[in-house]
Amino acid sequence: MIDEQLVARVEKAVRAAADDEVMPRWRRLAAHEVSVKAGPHDLVTVADRAAERRLTEELVRLLPGSVVVGEEAVHEDPTVYGALAGDAPVWIVDPIDGTRQFVRGEPGFCVLVALVHRGRPLASWTYAPAREQLAYARRGAGATLNGRPLRSGAPRADKVLEVAASHPDFTTDDQKRALSGLWADGVAPRACGSAGLEYLAVARGLLDAVAFSWELAWDHAAGLLLVTEAGGSHLTLADRPFDIAGGNALPFTAARDEATARRVLALLTGPTPDGAA
């Protein structure tokens, strides 16, 4: 299904969508070009919609018989999400991951594309155009950043773990309680930004782990494959790898190595410490 020609063409399509539809609007958005979806922090822009349309058309053309599950398409028609359970190859698209940062004119956003078949991530592309970074992963073949191999490595045994967790603006009280075990000795938790860029930081060994309380495929598919192919690991509360198709026991973690993933998982499943946030 995947050959070098397809990989090159997808990369070209991802770059073109960002360069033509996203970057010309960065720091140039008018007020009427930004809308609110589910809540005050859940934003969508004309750039999100244009980039997803562009990618949807191009990716289906590149792989006949495939379908697209995109964030904005699912917002308009939730039944689109059901394609993840089908037999057709699925392109999972987040046209701008980190829309809030994009709207603010900050560089911390990216375009995420993953190819999944029957629940198995096969390849992923993470493109941060404002940072000129493109990360690629292919199942069983490793991960790269701007063409150079990525290895997540393992944190030192005495190192305080740096963990990016679901942002408080996007979590319910129950989800905050589920993540509260991270506020413990030996851990330095912080609110996450763009999920895709946090996964990239884990794959690069710049961040020890992430812990998330939601399972929307477009936020996680590309990054989880990137982390895995860089040598990392991911686990849900059921002590199982995260399933892109859904039904996961949440929250879950992805980390630089399995030992770190298990350490974070123990914090998420353990008793809530006094004074936890």
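What counts, and where the lines are drawn
Within every chain, residues take consecutive numbers counted from 1 along the sequence as written. In view of the model being predicted, local features appear only for residues whose pLDDT reaches at least 70, and side-chain atom pairs are presented and counted only at 80 or more, with totals across whole chains, interfaces and linings using the full set of residues. With hydrogens and water excluded, all non-hydrogen atoms of the structure serve as input to the side-chain values. Runs of E in the DSSP output that reach at least two residues are strands. Runs of H or I that reach at least four are helices, and both are numbered from the N terminus. Only heavy atoms matter for contacts: two residues are in contact if any of them lie within 4.5 Å across the pair. Cavities and pockets are found on a 1 Å grid laid over the protein atoms alone: a cavity is a set of points where a 1.4 Å probe fits but cannot escape, a pocket is an open set with protein on both sides within 12 Å along at least five of seven lines, and a lining residue has an atom within 4 Å of such a point. Grid points are joined across faces, edges and corners, and a volume is the space filled by probe spheres set on the points. Side-chain classes are defined by residue name, with Ala, Val, Leu, Ile, Met, Phe, Trp, Tyr, Cys and Pro counting as nonpolar, Asp, Glu, Lys and Arg as charged, and the others, Gly among them, as polar. Within 6.5 Å between ring centres, the rings of Phe, Tyr and Trp (the latter by its six-membered ring) count as paired, and their orientation is classed by plane angle as stacked under 30 degrees, edge-to-face over 60, tilted in between. In our convention, an over-ring charge means Lys NZ or Arg CZ found within 6 Å of a ring centre and within 35 degrees of that ring's normal. The pairing criterion for strands is at least two bridges between them, as found by DSSP. Only C-alpha atoms enter the line fits that serve as axes; for helices the fit covers just the stretch in contact. Angles between N-to-C directions range over 0 to 180 degrees. What counts as a salt bridge is simple: a side-chain nitrogen of Lys or Arg found within 4 Å of a carboxyl oxygen of Asp or Glu. In this scheme, a residue with accessible area under 20% of its type's maximum is buried, one over 50% is exposed, and one in between is partly exposed, where area comes from a 1.4 Å probe on protein chains only. Cysteine sulfur atoms that pair up within 2.5 Å are treated as a disulfide.

On to the environment of Ala114, then. Mapped onto the elements, Ala114 comes out in strand E5 (residues 110-117). Sequence spacing of Ala114 and Val67 is 47 residues, and the spatial spacing of their C-alpha atoms is 12 Å. Apart from residues lying up to four places away in sequence, Ala114 is in contact with Val90, Trp91, Ile92, Ala123, Ser124, Ala221 and Ala222.

This part takes up the layout of surface pockets. In this approach a probe as big as a water molecule rolls over the atoms, and the regions it shows empty are the leftover space. Here the largest pocket is characterised by a volume of approximately 740 Å³. Taken together, 29 residues form the lining of the largest pocket, with Asp42, Glu71, Phe170, Leu216 and Asp219 sitting closest to its centre. Of all the elements in the fold, those that place two or more residues in the lining of the largest pocket are helix H3 (71-76), strand E4 (90-97), helix H4 (99-104) and helix H7 (217-229). In the lining of the largest pocket, the residues fall into ten nonpolar, eleven polar and eight charged. Empty space within the second largest pocket amounts to approximately 220 Å³. Forming the boundary of the second largest pocket are 13 residues, of which Gly119, Pro121, Arg139, His234 and Phe242 lie nearest the centre. Ranked by residues supplied to the lining of the second largest pocket, first place goes to H7 with four residues. Looking at the lining of the second largest pocket, its residues break down into six nonpolar, three polar and four charged.

To describe a pair of aromatic rings, you give the distance between the ring centres and the angle between the ring planes. Per the stated rule, a full pass over the model turns up nine aromatic pairs. Cation over ring: Arg27 sits above Trp26, and NZ or CZ is 3.9 Å from the ring centre.

The mixed open sheet is built from seven strands, whose spatial order is E3-E4-E5-E6-E7-E8-E9. Looking at strand neighbours, the two that pair on one side only are strand E3 (67-70) and strand E9 (148-149), the edges of this open sheet. On the sheet, helix H2 (residues 46-62) packs against E3, E4 and E5 and is oriented at approximately 155 degrees with respect to E4.

Look at the link from Leu250 to Pro251: it is a cis peptide, with omega at 0 degrees. The backbone of Arg27 shows a phi angle near 65 degrees, a positive value even though the residue is not glycine. Residue position: Arg27 is located in the loop between helix H1 (4-22) and strand E1 (34-36). The phi torsion at Arg118 lies on the positive side, around 50 degrees, for a residue other than glycine. Among the structural elements, Arg118 can be located in the loop between E5 and strand E6 (120-128).

Another aspect to go through is the pattern of salt bridges. Throughout the structure, instances matching the rule amount to 18 salt bridges. Its salt-bridge partner being Glu4, residue Arg138 comes within 3.0 Å of it at the nearest N-O pair. Of this pair, Arg138 sits in strand E7 (residues 133-138) while Glu4 sits in helix H1, and the two are 134 residues apart along the sequence. A residue is classified by how much of its surface remains accessible, and Arg138, at 22% relative accessible area, is partly exposed.

Take the state of the cysteines next. Per the counting criterion, the structure on display carries zero disulfides. With no disulfide of its own, Cys110 has Cys192 as its nearest cysteine by sulfur position, at a separation of 11 Å. For Cys110, a relative accessible area of 0% corresponds to the buried category. Judged by its relative accessible area of 8%, Cys192 falls in the buried class.

Strand order in the open sheet formed by five strands is E11-E10-E12-E14-E13, with mixed pairing between adjacent strands. Looking at strand neighbours, the two that pair on one side only are strand E11 (187-191) and strand E13 (233-236), the edges of this open sheet. Put simply, the sheet's adjacent strands are angled 20 degrees from each other on average, direction ignored. Taken together, the four bridges between E13 and strand E14 (residues 252-255) define a ladder with antiparallel strand orientation. Bridge assignment links Thr236 to a residue of E14, and that residue is Phe252. Against the sheet, helix H6 (residues 195-204) engages strand E10 (161-165), E11, strand E12 (209-212) and E14, with an angle of about 145 degrees to E12. Across the face of the sheet, H7 comes into contact with E12, E13 and E14 while running at roughly 45 degrees to E14.

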